[in-house]
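Here is how the chains run, residue by residue.
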Amino acid sequence: MEHVPPPAEELARLDRELAELDARRAQLLTRRAWLLAALRPPTPTAAPGWNPSAWGAPSGGRPGAPAQPWGYVPKQPSAPRSAQNVLLTLGGLLLTVAAIAFTLVSWGSMGIGGRSAVLSVVTLGALIAPAVLLRRGLASTAEALAALALVLTLLDVYAVHAVAAPDTDGLGFTAVASAVLAALWTAYGLALGKLRLPLPAAVVLAQWPLLFWAWAAGAPALVVGWALLATAVLDGVIALWGKGAGVRVTACVGGSVMAFSALMVGLTLSTTASGPLGAVAPGGLLLAAAAAAGAGAWRAPKGFARAGGVVAGLAAVAAVGGVPAAAVPEGWRVLAYLLCGLALTAVVRSRLPRNAAHGVLAASGAVVAGALVWALPPVAAVLLGPVTILSDVWAGSPEGFRSALGSTLPWTELAAAPVVLALVAGLLGAAYRWWPSLVRLAAPLTVREETPGADAAGSPGAAWTAPPGAGAPWYAAGGIGTRRRPSGAAVRGAAGAGATALAWGALLVAGAVLDVPYALAVVAETLLVAGLLALAVRGPGSGRDGSAALVVTALVGAVGGAVSTGLLSLASEGAAYGVFGALTVLFAGAAVRARSEVPTAVFAVAAVVWGTALTGLAGGSLGLAPHEAAPLLLLVPALTVLLGTRLRRDPVALPVELTGALGALVAVGLAVSDAPFLALVLALCGVLAAGAAVRPERRPVAGCLAAALFVLATWVRLAASEVSFAEAYTLPVTVPALVVGFLRRRKDPEASSWTAYGPGLAATLLPSLAVAWTDSDWQRPLLLGVAALVITLLGARHRLQALLLLGGAVLALDGLHELAPYVVQVAGALPRWLPPALAGLLLLVVGATYEQRLRDARRLRDTLGRMR
């Protein structure tokens, strides 16, 4: 059945797709215009008002010039710097240095009239010179002299305060002087519109009058905050309606700094207020800041509008929430701010512009996120606190839940944490439940207000619509001009998952805050695990409701909660048996009822883990040492082997058997301290592996593992019995290997003897030969020689290359070891000339019969090659 979305959601989707089509059509029209311009013959001059570079197309150039790429903007030739410009620039710099030196050094040698006259003349000249220079086209020199004039006006202010008004307050004088200079430089910059320095300098000077006035008057911090806010508002007005990019950027930077300072002053006063009445005045400052930010966001561009919405939302939360927060205990203040932050979501039905509304919603999300971050430490303490019980297992039931956690958190100050978690969980759950209604409610914020790529006045592409019956263009199906957004199902699933996790955390923290009895806490956490399992067993739905994320969250929460509950139960023996038994049954039942492979495998693996832990508890109750309890742990791996024979090729079989194998590995680790028990455990593990090898799909791995375990068990048993004969360790490997090789040769007569018998024979012959060469007795070499002779004869009889060569080599080396003393005695009794003579005679015989010996060697090689 085809899914039909609600009308509001379908309308929003259609609007987004149409906007993307319009944006792409505008791009294609621009590219088409550039291609047409590139194909036309170049014209000597451009038409009045036509700027090809503004549209990304190259302007006319010389004939035959290569076409420039799309978006290329030709670089305008810069005017050559004349010698006059250089001289004037150097002159301006020297004049600045001279003015500073005159003010600092020669000031005291002149009277008051001379001082005023000199400063007035120099400053007036510096202010008039840029106007003259601009008329002559010397813009850079005019900028340099304007900077000199700015320095001179600052020196004038300093000189006036030092001589004419030395007794006036410095802060008050600075406030008045900065206001006068700001007005002066504003008028000067407007009069000489081509200069870029005066107006930004005026904006910088305008930052200080109100602030210095408040400081000079000894005003309280609240008044200083109002002064900062008023300055920030002035900066915002300049940023919106100012002249030139430099002025607007300077105003934005100054306004941001002043607004941040004002907000910090208001927030500090609000959070430190002694009561609700004391928080009203700072709240008024914060509300005024919120109103100013909202007003700026109403007219600002997209990015600035969202930032303004964020600031307005946060300031409003701090202002309104600060009043009730001052009237409640410290642990409950976060709840007041959270409620105010949630109230900001009402902006979805307001007439606020879309970008500003997005910013306000982002502020609401930031407040909720901050409240959740504040409430997460107690959740972590409840989940991880039971780890401390591992150091004192079965020490007795604690008095309360908090004492079992061993946490030092101030639980009385965290009383609001479960309320915060429950409140956010309830809202997310409601959003998940009534998602279609929420989509219709928020539809105005999901529809574009304007088409991307169109300016304020519109564009030809913005007015274009597809003709009736036209199909979707190639770029509409995930191509150019489209952006991937999270689907409604994904967002809904995230809401459901968040609601599940937060509700679970709220219930956990509530038990710690109330300090419920230990037994009640254990039972409650076990029931929570059962509830999460029931939610996870339901399995994901069709995917359109986002239930897959909810199921995953429930699955993770069930496993994590089970681990925490199991650790918590270790404080009491009875609680441990009850919890681990219940967990084993719950997870086994969930594995049976689950409808998906992954949850089923996870549930089954967890059930095996809890069962293994339960057998370990039984060993502790019986008073067994760790190595004595190791065989008990093999009960669960044995059950997994039996279960594997029933499941066979079911996808759950392999994870279950691997988990059982890990339990067996734990048993081996417990038995390491005692060699006889280790041999017993290894032998039992070998039996389990042999049982698994009965199944054809497990035979290659389980068969080899069983053989290795049996050999290890034998070696450990022999070592525990202090057996030192090498053959006692090698024969248990050789005999099974030869039997396996014999069976393989019967099944496949063409199999190589090296593959069938080589490893088994080498496992005993080579170690025995190494020991025989260092053995002073005669029994071992004799027995080894007899065995090697028998193997050699069998190899020759059955034409088996591995037996013939291995047996012959070992027989020769063993005989050489036995005859070596006698050879040494005979060599010592012979004359010294006899060995070289015998060697020469042997070489002569070989040389005389070389061809015959070569034929004999080839026949021997062919004979060995024909052997298997």
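Residues numbered from 1 in each chain as written. Predicted model: local features only at pLDDT ≥ 70, side-chain atom pairs only at ≥ 80, totals over all residues. Heavy atoms only, no water.

**Q** Mind showing me how you'd approach the side chain of T792 here?
**A** Relative to the assigned elements, T792 resides in helix α31 (residues 779-798). T792 sits in the buried class, given a relative accessible area of 13%. Within the structure, the side chain of T792 is placed 2.7 Å from the backbone oxygen of A788, a separation counted as a polar contact. Setting aside chain neighbours within four positions, we find T792 in contact with L803, L804, G807 and G808. (Helix = DSSP H or I, 4+ residues; strand = E, 2+ residues; numbered from the N terminus. Buried < 20%, exposed > 50% of the residue type's maximum accessible area, 1.4 Å probe, protein only. Polar contact = N/O pair within 3.5 Å; in protein donor to acceptor, adjacent residues only side chain to side chain. Contact = heavy atoms within 4.5 Å.)

**Q** Explain the layout of surface pockets to me, please; I cannot follow it from the model alone.
**A** A probe matching the size of a water molecule, rolled over the atoms, marks out where space remains unfilled. Empty space within the second largest pocket amounts to approximately 1300 Å³. As for the second largest pocket, its lining consists of 42 residues, of which A259, A293, A307, G308 and V311 are closest to the centre. Elements with a minimum of two residues in the lining of the second largest pocket: α8 (221-241), α9 (245-271), α10 (276-299), α11 (302-325), α12 (333-343) and α13 (354-384). For the lining of the second largest pocket, the element with the most residues is α9, which contributes 10 residues. (1 Å grid on protein atoms, 1.4 Å probe; cavity = no way out; pocket = protein on both sides within 12 Å on 5 of 7 lines; lining within 4 Å. Points joined across faces, edges and corners; volume = space filled by probe spheres on them.)

**Q** Looking at this model, I keep getting lost on the packing of helix α6 (residues 198-205) against α9. Mind explaining?
**A** A pair of packed helices is captured by two measures, namely the crossing angle of their axes and the spacing between those axes. α9 packs onto α6 with a crossing angle of 15 degrees between their chain directions and a minimal axis gap of 8 Å. With respect to α9, the axis of α6 lies roughly parallel. For the element pair α6 and α9, the recorded crossing hand is right-handed. Each of L199, P200, V203 and V204 in α6 lies in contact with α9, whose residues at this interface are G246, V247, T250 and A251. (Axes fitted to C-alpha atoms, helices over the stretch in contact; angles between N-to-C directions. Parallel < 35°, antiparallel > 145°, perpendicular 65-115°, else oblique. Left-handed = near helix turned anticlockwise from the far one by under 90°.)

**Q** Before we go on, may I ask you to explain unusual backbone geometry in this structure?
**A** For residues that are not glycine, phi is negative in most cases, and the peptide bond is trans in most cases. Within the chain, D515 stands out as a residue other than glycine whose phi angle is a positive 50 degrees. By secondary structure assignment, the location of D515 is in the loop between α18 (488-514) and α19 (518-537). D515 sits in the partly exposed class, given a relative accessible area of 34%. The backbone phi angle of R799 is positive, close to 55 degrees, even though this residue is not glycine. The topology assignment puts R799 in the loop between α31 and α32 (801-829).

**Q** Just checking my understanding: could you explain the environment of V424 for this structure?
**A** Along the chain, V424 turns up in helix α15 (residues 417-433). Residue class for V424 comes out buried when judged on its relative accessible area of 5%. The residues touching V424, leaving out its near neighbours within four places in the chain, are L338, V368, L372 and L502.

**Q** Where do I start with the environment of A356 in this structure?
**A** Turning to its location among the elements, A356 is positioned in helix α13. Filtering out sequence-adjacent residues up to four positions away, A356 remains in contact with A297, A305 and G309.

**Q** Explanation requested: the packing of helix α7 (residues 209-216) against α8 in the structure shown.
**A** Running from amino to carboxyl end, α7 crosses α8 at an angle of 170 degrees, the nearest separation of the two axes being 8 Å. Taken together, α7 and α8 sit at an angle that is classed as roughly antiparallel. Mapping the contact onto sequence places L210, L211, W213, A214 and W215 in α7 and V223, V224, A227, L228, A230 and T231 in α8. When grouped by side-chain class, the residues that make up the contact of α7 with α8 number 10 nonpolar, one polar and no charged. (Nonpolar A, V, L, I, M, F, W, Y, C, P; charged D, E, K, R; others polar.)

**Q** I keep staring at a nonpolar patch on the surface and nothing clicks. Help me out?
**A** Where nonpolar side chains cluster on the molecular surface, the patch consists of L731, V735, V739, F742 and L743 and spans about 450 Å² of accessible area. Tracing the backbone through its elements, the reader meets V735 in helix α28 (residues 726-747). (Patch = residues over 30% accessible without salt bridge, like charges linked within 9 Å, V, L, I, M, F, W, Y side chains within 5 Å. Areas by Shrake-Rupley, 256 points an atom, 1.4 Å probe, with all protein chains shown as cover. Salt bridge = Lys/Arg side-chain N within 4 Å of Asp/Glu carboxyl O.)

**Q** How should I be thinking about the nonpolar core in this particular structure?
**A** As a rule of thumb, soluble globular proteins bury nonpolar side chains together. Ranked by internal contacts, the top residues of the largest apolar core, which has 68 residues, are L338, F401, W411, L421, F587 and F603. In terms of residues, this core owes the most to one element, α19, which gives nine residues. Setting aside residues up to four positions removed in sequence, W411 forms contacts with P378, A381, V382, R402, L405, A512 and V513. Formed by 23 residues, the second largest nonpolar core is a distinct cluster that contains A142, L152, A182 and Y188. (Core = buried A, V, L, I, M, F, W, Y, C linked by side-chain atoms within 4.5 Å.)

**Q** How should I be thinking about the pattern of salt bridges in this particular structure?
**A** Two side chains of opposite charge can pair, provided their charged atoms sit close to one another. This model, assessed by the stated rule, comprises three salt bridges. E657 serves as the salt-bridge partner of R695, at 2.9 Å between the closest nitrogen and oxygen. Remark: E657 occurs in helix α25 (residues 653-671) and R695 occurs in the loop between α26 (675-693) and α27 (699-720); sequence separation between them is 38 residues. Classification of E657 as buried rests on a relative accessible area of 13%. One salt bridge in this structure joins E657 and R698, with 3.1 Å as the shortest N-O distance. Taken together, the residues span a long stretch of sequence, with E657 in helix α25 and R698 in the loop between α26 and α27 at a distance of 41 residues. Note on accessibility: E657 and R698 belong to one class, buried.

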